[in-house]
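# Observations on the model geometry
Listed below are the residues making up each chain.
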Amino acid sequence: MRKVNVLEFMTLDGVIQAGGGPEEDTSGGFKYGGWQAPFSDDVEGSVMQKQMSMPFDLLLGRITFDIWEPYWPKHVDIWPGAMTATKYVASNTRTSSEWQRSVFLGGDIAEKIRKLKQEDGPDLHVYGSANLVQTLMKHDLVDEFWLKIYPLTLGTGKRLFVEGTIPAAFKVTESQISPSGIIIANYARAGEVKIGSLE
């Protein structure tokens, strides 16, 4: 069985939109694109290198795929795994791409991903893909969150956790803080929410 691991760069107030650059995603009038850059450091970089070097396939929303499709084939030296991975794209508007190993999932996305998880193969890594991640969480399809939490708030933009997120418990499997203050933490699904009293 394959796991779905959601890898996100996020602010303290949960924004995951356009961390990589000013023009990455300006939808909704977002004007803080590129907010990650001032905080990048060697510790965060080495964690990313490790995660990008392990076996994986990609599970992406259509907007993220549209951004990556022209970029990564020109930067194979930075991330060769992006080329060799199968790229499963959740989209009801696109059906094909010249980017090798791209597979488009239309219709009932949640059910198709549920079936993908049952297949043999590497884990499925999700980057960005804010709308797809909401679908994954709504249908309890996320096994782990691999988060990089940056020390800033933006007050606007697409957020990781929004209204409608199902209650779920997680446990920390890895954590560290980078020199620039990025909290790097992996959370694995750990059953249902338990309640009690502090009295």
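Notes on the structure in this doc start here. Note that the structure is a prediction, hence the values are computed from the model and not measured. (Residues numbered from 1 in each chain as written. Predicted model: local features only at pLDDT ≥ 70, side-chain atom pairs only at ≥ 80, totals over all residues. Heavy atoms only, no water.)

## Some points on the overall build of the protein
Each helix and strand counted, the protein has five helices and eight strands in total. Secondary structure elements in the protein, listed N-terminal to C-terminal, are β-α-β-α-α-β-β-α-β-α-β-β-β. Taken along the three principal axes of its C-alpha coordinates, the protein extends 60 × 40 × 35 Å. Taking all 199 residues of the protein together, the buried fraction comes to 47%. Surface summary for the protein: the accessible area is close to 10,500 Å², and the carbon and sulfur share equals 54%. Computed over 20 positive and 25 negative side-chain charges, the inter-centroid distance for the protein is 4 Å. (Helix = DSSP H or I, 4+ residues; strand = E, 2+ residues; numbered from the N terminus. Buried < 20%, exposed > 50% of the residue type's maximum accessible area, 1.4 Å probe, protein only. Areas by Shrake-Rupley, 256 points an atom, 1.4 Å probe, with all protein chains shown as cover. Lys, Arg positive; Asp, Glu negative; His and termini not counted. Charge placed at Lys NZ, Arg CZ, Asp CG, Glu CD.)

## So, the pattern of salt bridges
Counted according to the given criterion, the structure contains 13 salt bridges. A salt bridge links Glu 69 to Arg 94, with the shortest nitrogen-to-oxygen separation between them at 2.8 Å. Here Arg 94 lies in the loop between strand 3 (87-90) and strand 4 (102-105) and Glu 69 lies in helix 2 (residues 62-71), a separation of 25 residues in the sequence. Note that Glu 192 and Arg 189 form a salt bridge whose closest N and O atoms lie 3.9 Å from each other. When its relative accessible area of 55% is taken as the criterion, Glu 192 is described as exposed. Here the salt bridges do not stand alone but share partners, grouping Arg 62, Asp 66, Glu 69 and Arg 94 into one network. (Salt bridge = Lys/Arg side-chain N within 4 Å of Asp/Glu carboxyl O.)

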